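# A look at the structure
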Amino acid sequence: MTKEELWQAALARLQFSVSRANFAAWFKEAVILDWQGDSVSIGTPNSFSQEWLKKKYHSDILKALNEVCSKIKKVDYFVSKQNRTRAEVSPPVPVNTKQIQFEEFQLNPRTGLNTRYNFKDFIVASFNEMAFAAAEAVVREPGRAYNPLFVYGGVGLGKTHLLQAVGNKLDEEDEMKIRYISADKLVSQIVASIYERSIESLKKELQQLDVLIVDDIQFIAGKEKTQEEFFHVFNALYEKNSQIILSSDRLPSAIPALEKRLKSRFEGGMVVDISRPDYESRRAILETKVKEWKAEIDSEVLDYVATNIQNNVRELEGALRRLIAHQNIKKNKLNTEVAQKVLKDLTRTQTKSASPQKIISSVADFYDLDLKDLTSATRKKDVAFPRQIAMYLLRKDLKKSYLSIGNLFGGRDHTTVIYACHKIEKEVDQDGRLADEVSMIRQRIYGE
Ligand code: ADP
Ligand code: MG
């Protein structure tokens, strides 16, 4: 195996455990500079990403490399000028002549759309057919059929894919001014433009659009200034029959700290959900992706995956990538037994393998803290937050009593624990980045 093949196979694993945004931000431009026996040197484009990989992802990276080649025990990080540019990263280096298609980032700078997302690759089955039908109607009659179109559903179910497919299709067919933006980007643009006193020109720019797509709109929860400005943009667009498309992880009525008037605007058009795919849908997705990626996987193995990976499309894709990578490296076809081993950590149900100690040590590890500091009474500021996270996980995942959680942290009062659990619960709900962080910690707790 060459170092490129090694990295490619490790990325196939990492891509599953890391969110799409984080993967794009931290892994796309990293390379293996050198691989000697048990030791791997990773090159990063700058010192910030060097730090970040080392701090946040070291154990994920080591684990992924180690799974591909069990000899590997040591990983170091360097800033390197040798890094390939984005354009050269995709398509990826072939693994034994066959290529695994990673998510390619083909950003259209005019629209903000990723041209990779299209209707052709969007698989329609019972779990998403309503959302798909609504999206098609919007393509046929933008601004007239359903306005706004509000698509909601859990992570990895294809909301972003569907929204962007609509945008790309309209962009192909008509001369329309289209803008795709994620709500957290929109929030930072609005905040920055208020600060720079350019909010009026930003609003004007947005109000000229024919199609505005805002992804993950739940992130404007609690952002009052943004909501205020967005309300005006929304109305201006609506009045001139520009199409507005929104996605969210929940219904408008369930978004906390969202102004009433926005809630009712969001509910005023078409609200459709994407639910979790049933077995038939999961099987169809796997079947189609295998063809799309030009791989061959036994039908028995696909049955196994469809039965055991149930949450969402992204997890199905992740499992499939991993199987394909494995098959390519071992050069022979997988059977169910091997697939079971390769996917062990994805199929195991949570809570089974967690213990309070495991949770606490994973949190300490993630935030790079001493276990002693985390569980002692110290009031050091950088310990307080991780400690609250640990309390939250103990409560949420192990259903420990507040009293017993307090005891694990040097006999803290149960009211302190209650406060911590509620606070983190709320923040996780409102802050996507924190939600990502918590899921990365869970990955450590349950992933091994
Ligand atoms: P969400 O925005 O709901 O979290 P995404 O749109 O990012 O989900 O989808 C996660 C991954 O699954 C993406 O790679 C996407 O292309 C793929 N995917 C989701 N739904 C479908 C589908 N119906 N057909 C094909 N691929 C899909
Ligand atoms: Mg999304």
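These lines cover the structure that appears in this document, whether it is placed above or below. (Residues numbered from 1 in each chain as written. Chains lettered and ligands numbered in written order. Predicted model: local features only at pLDDT ≥ 70, side-chain atom pairs only at ≥ 80, totals over all residues. Heavy atoms only, no water.)

### Remarks on the site of ligand 1
In the region of ligand 1, 20 residues are neighbours, and Arg20, Gly156, Thr160, His161 and Lys289 sit closest. Within the side chain of Arg314, a nitrogen or oxygen atom sits 2.9 Å from an oxygen atom of ligand 1. Its free accessible area being 560 Å², ligand 1 has 97% of it covered by the protein chains. Elements with a contribution of two residues or more to the shell around ligand 1: helix H6 (159-173) and helix H13 (313-330). Broken down by class, the residue content of the shell around ligand 1 amounts to six nonpolar, six polar and eight charged. (Near = heavy atom within 4 Å. Polar contact = N/O pair within 3.5 Å; in protein donor to acceptor, adjacent residues only side chain to side chain. Areas by Shrake-Rupley, 256 points an atom, 1.4 Å probe, with all protein chains shown as cover. Helix = DSSP H or I, 4+ residues; strand = E, 2+ residues; numbered from the N terminus. Nonpolar A, V, L, I, M, F, W, Y, C, P; charged D, E, K, R; others polar.)

### Overview of the packing of helix H9 (residues 224-239) against helix H10 (residues 260-267)
For the pair H9 and H10, interaxial distance at closest approach is 10 Å and the crossing angle is 35°. For the element pair H9 and H10, the recorded crossing hand is left-handed. Within the contact between the two elements, H9 uses Gln227, Glu228, Phe230, Phe231, Phe234 and Asn235 and H10 uses Arg261, Leu262, Arg265 and Phe266. Taken together, the residues that form the contact of H9 with H10 break down as five nonpolar, two polar and three charged. (Axes fitted to C-alpha atoms, helices over the stretch in contact; angles between N-to-C directions. Left-handed = near helix turned anticlockwise from the far one by under 90°. Contact = heavy atoms within 4.5 Å.)

### Observations regarding the packing of helix H12 (residues 299-308) against H13
Packing of H12 against H13 brings their axes to within 10 Å, and their N-to-C directions diverge by 145°. At the point where H12 passes H13, the crossing takes the right-handed sense. In this structure, H12 contributes Val301, Leu302 and Val305 to the contact, and H13 contributes Leu316, Ala319, Leu320 and Leu323. Tallied by class, the residues present in the contact of H12 with H13 amount to seven nonpolar, no polar and no charged.

### What to know about the sheet that holds strand E1 (residues 31-36)
What links the strands of a sheet is backbone hydrogen bonding, and the strands pair in either a parallel or an antiparallel sense. Ordered by their spatial adjacency, three strands build an open sheet running E1-E2-E3, and the pairing between neighbours is mixed. This sheet does not close on itself; its edge strands, each paired only once, are E1 and strand E3 (74-79). Adjacent strand axes in the sheet meet at a mean angle of 20° when their direction is disregarded. (Pairing = 2+ DSSP bridges.)

### Examining the sheet that holds strand E4 (residues 149-152)
Reading across from one edge, E5-E6-E7-E4-E8 is the order of the five strands in this open sheet, with parallel pairing throughout. The open sheet has two edge strands with one neighbour each: strand E5 (178-182) and strand E8 (270-273). The sheet shows a mean angle of 15° between the axes of neighbouring strands, direction not considered. As paired elements, E5 and strand E6 (residues 211-215) share five bridges and run parallel to each other.

### Things to note about the packing of aromatic side chains
Summed over the entire model, instances satisfying the criterion amount to nine aromatic pairs. A ring pair is formed by Phe150 and Phe266, whose centres lie 5.9 Å apart and whose planes are at 35°; its orientation type is tilted. Here Phe150 is found in strand E4, whereas its partner Phe266 is found in helix H10, with 116 residues between them in sequence. For the pair Phe150 and Phe266, a shared accessibility class is recorded, and that class is buried. Relative to Tyr367, the ring of Phe366 has its centre 4.9 Å away and its plane inclined at 85°; by these criteria the two rings are edge-to-face. Overall, the relative accessible area of 2% leaves Phe366 in the buried class. Looking at Tyr367, the relative accessible area reads 17%, which means it is buried. Between Arg261 and the ring centre of Phe231, over which it is positioned, the NZ or CZ distance is 3.9 Å. Over the ring of Tyr402 we find Arg395; its NZ or CZ atom is 4.0 Å from the centre of that ring. (Phe/Tyr/Trp six-rings, centres within 6.5 Å; stacked < 30°, edge-to-face > 60°. Buried < 20%, exposed > 50% of the residue type's maximum accessible area, 1.4 Å probe, protein only. Lys NZ or Arg CZ within 6 Å of the ring centre and 35° of its normal.)

### What about the environment of Gln106?
Positionally, Gln106 belongs in the loop between helix H4 (86-89) and helix H5 (129-140). On a C-alpha basis, the gap between Gln106 and Val187 in space is 23 Å, while along the polypeptide they are 81 residues apart.

### Quick word on helix H21 (residues 432-446)
Here H21 contains 15 residues, and its C-alpha end-to-end distance of 21 Å stays within 8% of the 21 Å for a straight helix at 1.5 Å per residue. Taken together, the buried positions of H21 are Gly432, Leu434, Glu437, Val438, Met440, Ile441, Arg442, Arg444, Ile445 and Tyr446. (Expected span 1.5 Å × (residues − 1).)

### What to know about the side chain of Arg387
Counting through the fold element by element, Arg387 comes out in helix H18 (residues 381-398). Within polar-contact distance, the side chain of Arg387 engages the backbone oxygen of Asp373 at 3.3 Å. Not counting residues up to four positions away in its chain, the partners in contact with Arg387 are Asp373, Leu374, Ser376, Ala377, Thr378, Phe409 and Arg412.

### Considering the pairing of strand E2 (residues 39-44)
Across a regular strand the side chains alternate sides, sitting on one face of the sheet and then on the other. With six of six residues buried, E2 is to be regarded as a mostly interior element. Residue alternation in E2 divides its side chains into two sets, Ser39, Ser41 and Gly43 and Val40, Ile42 and Thr44, and both sets are buried. Sheet analysis places E1 next to E2, joined by five bridges and oriented antiparallel. Paired with Gln36 across the strands is Ser39, a residue of E2. Where E1 folds back on E2, the antiparallel hairpin that results is connected by two residues, among which Gly37 adopts a positive phi of roughly 55°. Looking at chain direction, E2 and E3 are connected through six bridges and run parallel. Looking at the pairing, Gly43 lines up with Phe78 of E3.

### Points about the pattern of salt bridges
The tally for this structure, following the rule as stated, stands at 19 salt bridges. Arg442 is paired through a salt bridge with Asp397; the nearest N and O atoms lie 2.8 Å apart. Taken together, the residues Arg442 in helix H21 and Asp397 in helix H18 connect sequence positions 45 residues apart. Looking at Arg442, the relative accessible area reads 18%, which means it is buried. Salt bridges here are not isolated pairs; linked through shared partners, they connect Arg13, Lys63 and Glu67. (Salt bridge = Lys/Arg side-chain N within 4 Å of Asp/Glu carboxyl O.)

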